Amino acid sequence: KNPERAALVIECSYQNTGIAISVVLSIYTSDQQMEALGVPFAYTGAQAFILGIYCLAAWKAGWTYAPKNVSLWAMISENYETSSENTTNYERAKEESVDKCNVESRDSLRDSEVGVVTK
């Protein structure tokens, strides 16, 4: 659910900016348009900055399909979109993460059985 919520936050923000620009362009004349467009454009600049931070925070909080343990470049360049047609990078990364946890749990259990102390 969290990836869908994060996408909804981003979509609603950008949609409202487009509505504001459309309203300004349809209501005001050419001289007034330039002055009135300052408000939605200022909002768009602030929005881009704030949503950039939000996107990074959502990714690191695990609210996106991109695993939070991949590099920033991998998160941006890879496709983590889900699809019923094929195995996605998200599903592969999730499986790898589960496999890694299973191996670590197995190794930890084995070490505790033979008396090995790990830090």
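As the structure is a prediction and not an experimental result, all values here were calculated from the model.

Quick look at the overall build of the protein chain now. Per the secondary structure count, the protein chain includes five helices and zero strands. Looking at the protein chain residue by residue over its 119 residues, the buried ones come to 18%. Within the protein chain, contacts between residues at least 6 apart in sequence are counted, and of these 35% link residues at least 24 apart. As displayed, the protein chain has an accessible area near 9100 Å², and 59% of this comes from carbon and sulfur atoms.

The predicted model of the protein chain averages 78 in pLDDT, with 69% of residues at 70 or higher. Per-element mean pLDDT across the protein chain ranges from 58 in helix 5 (residues 89-113) up to 92 in helix 3 (residues 38-60).

Inspection of the secondary structure puts Leu37 in the loop between helix 2 (30-36) and helix 3. Leu37 sits 16 residues away from Ile21 along the chain, and the two C-alpha atoms are 6.7 Å apart. In this view, Leu37 contacts Ile21, Val24 and Leu25; residues no more than four positions away in its chain are not counted.

Cut-off values and rules
Residues numbered from 1 in each chain as written. Predicted model: local features only at pLDDT ≥ 70, side-chain atom pairs only at ≥ 80, totals over all residues. Heavy atoms only, no water. Helix = DSSP H or I, 4+ residues; strand = E, 2+ residues; numbered from the N terminus. Buried < 20%, exposed > 50% of the residue type's maximum accessible area, 1.4 Å probe, protein only. Contact = heavy atoms within 4.5 Å. Areas by Shrake-Rupley, 256 points an atom, 1.4 Å probe, with all protein chains shown as cover. pLDDT = per-residue confidence, 0-100.

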